[in-house]
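Coordinate inspection notes
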Amino acid sequence: MINCIIIEDAPLAIEKLKNFISKVPLLHLVCTFENGLEAFDYLQTNTIDLLFLDIQMEQFTGLQLLKALHTRPYIIIVSAYGEYAVQGFEYDVTDYLLKPYSFERFLKAVNKVQAEMSSTFLGPSTPREYIFLKTEYRMVRINLCDILYVEGKGAYLHVITETARIMTLLSFKEIESLLPSEQFIRIHKSYLIAINKIDNIERNVVKIGNVRIPIGKSYLKDFYQGLQ
């Protein structure tokens, strides 16, 4: 569970964040602040994992808050002003959401936080055990050990497990960033597979269960090197 707070002075922006947060089981909204000074006081005595932080606020801006915090939680900046992005990343923020943003873009930022937290708490040598993916109007938890392969079809990806086919709007690049490279490998422009689910390889075709997946010519070298 990721405990988070919202620091934002625009009511509509607050409601949008609350709505998006409520759709992600991984997130727990602790409280909301419309004033940066009040948020600063709260953070002196309370431990929070993640801040959704606006930049332009009266009295005490988001950048002033970042400067004042000696110990910073994970931070996702939410702003209508792209020119603050460089300054924000100087404070090691995890992501920068430029208003207006979609739920898919919001989820991508949350997944970045989850990945960074997993790396911190588990250590770089310990693989993640699961990911959350948005499918239709739900968030679905997928255990990595259950994934057989990922198939691209048009604008969608289908994550195939032993018991389900889960459709998501993530790109291959985005899902590759979530999956450990030592466990999963891209073998075709339309396929990414779990290495430990391979039954056999014959004539540059991978067999997983009853499914035969061709290895694309541009992926051959990296694929066989990855098996060594």
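Above: the structure in question.
Residues numbered from 1 in each chain as written. Predicted model: local features only at pLDDT ≥ 70, side-chain atom pairs only at ≥ 80, totals over all residues. Heavy atoms only, no water.

**Here's the deal with the pairing of strand 8 (residues 147-153)**
Quick note on the threshold: With a 1.4 Å probe rolled over the protein chains alone, any residue whose accessible area is under 20% of its type maximum counts as buried; one over 50% counts as exposed, and the rest are partly exposed. For the purposes of this entry, the term helix denotes a DSSP run of H or I that reaches at least four residues, the term strand denotes a run of E that reaches at least two, and both are numbered from the N terminus. Two strands make a pair as long as DSSP finds a minimum of two bridges between them.
Of all seven residues that make up strand 8, six are buried, and the element is covered over most of its length. Both strand 8 and strand 9 (residues 156-161) contribute to a ladder of six bridges, which runs antiparallel. In the sheet register, Y149 faces strand 9, and the bridge partner there is I160.

**Here we look at the sheet that holds strand 13 (residues 200-202)**
The strands that make up a sheet are held in pairs by hydrogen bonds between backbone atoms, and each pair lies either parallel or antiparallel. How we decide: Axis lines are fitted to C-alpha atoms, over the contacting stretch for helices. Their N-to-C directions set the angle, which ranges from 0 to 180 degrees.
Spatial strand order, 13-14-15: three strands in an open sheet with antiparallel pairing. The open sheet has two free edges, formed respectively by strand 13 and strand 15 (211-214), since each of these has just one partner strand. Here the average twist between neighbouring strands, direction ignored, is 25°. Sheet analysis places strand 13 next to strand 14 (residues 205-208), joined by three bridges and oriented antiparallel. Within strand 14, the position partnered with N200 by the bridge is K207.

**Here's the deal with helix 2 (residues 36-45)**
What counts, and what does not: Arc, as used here, means the arc of the directions from the helix axis to the C-beta atoms. In this analysis, two residues are considered to be in contact whenever any of their non-hydrogen atoms come within 4.5 Å of each other. In protein, a polar contact means a hydrogen-donor-capable atom and an acceptor-capable atom, both N or O and within 3.5 Å, with residues adjacent in sequence counting only if both atoms are side-chain atoms; elsewhere, any N or O pair within 3.5 Å suffices.
Taken as a whole, helix 2 has its buried residues at G36, A39, F40 and L43. Buried residues of helix 2, seen end-on, are gathered within an arc of 105° and therefore sit on one face of the element. Those residues of helix 2 that are exposed and aimed more than 90 degrees away from the buried face are D41 and T45. Taken together, the buried residues of helix 2 touch strand 1 (2-7), strand 2 (27-33), strand 3 (50-53) and helix 3 (62-68). Measuring from the backbone nitrogen of L37 back to the side-chain oxygen at the start of helix 2 gives 2.7 Å, which picks out N35 as the cap.

**Some details on the sheet that holds strand 10 (residues 165-168)**
The strand order 10-9-8-12-11 describes an open sheet built from five strands, whose pairing is antiparallel. Strands with a single pairing partner mark the edges of an open sheet, and in this sheet they are strand 10 and strand 11 (184-188). Ignoring which end each strand starts from, the neighbouring axes of this sheet average 20° apart.

**Some thoughts on helix 1 (residues 11-22)**
Heads up, the rule is: By this rule, a helix spans an expected 1.5 Å times one less than how many residues it contains.
Its 12 residues give helix 1 an end-to-end C-alpha distance of 16 Å, which sits within 8% of 16 Å, the value for a rise of 1.5 Å per residue. Those residues of helix 1 that fall on the buried side of the exposure criterion are A13, I14, L17, F20 and I21. For helix 1, the buried positions fall inside an angular range of 130° around the axis, keeping them on one side. Turned more than 90 degrees off the buried face of helix 1, the exposed positions are P11, L12 and S22.

**A look at the packing of aromatic side chains**
As a reminder, the rule being used: Under the pairing criterion, centres of Phe, Tyr and Trp rings, with the six-membered ring standing for Trp, must be within 6.5 Å; the plane angle then separates stacked pairs below 30 degrees from edge-to-face pairs above 60, leaving the rest tilted. Geometrically, a charge over a ring is one whose NZ (Lys) or CZ (Arg) sits within 6 Å of the ring centre while staying within 35 degrees of the ring normal.
Per the stated rule, a full pass over the model turns up nine aromatic pairs. Each ring, one from F33 and one from Y42, has its centre 5.2 Å from the other, and the planes form 50°; the classification is tilted. Geometrically, the ring pair formed by F52 and F106 is stacked, given 5.5 Å between the ring centres and 20° between the ring planes. You can see F52 sitting in strand 3 and its partner F106 sitting in helix 5 (residues 103-122), a full 54 residues away along the chain. Each member of the aromatic cluster is reached from another via a ring pair, and the members are F20, F52, Y101, F103 and F106. The cationic tip of K16 hangs over the ring face of Y101; the distance from NZ or CZ to the ring centre is 4.1 Å. Above the ring of F172, the side-chain terminus of R186 is found at 3.9 Å from the ring centroid.

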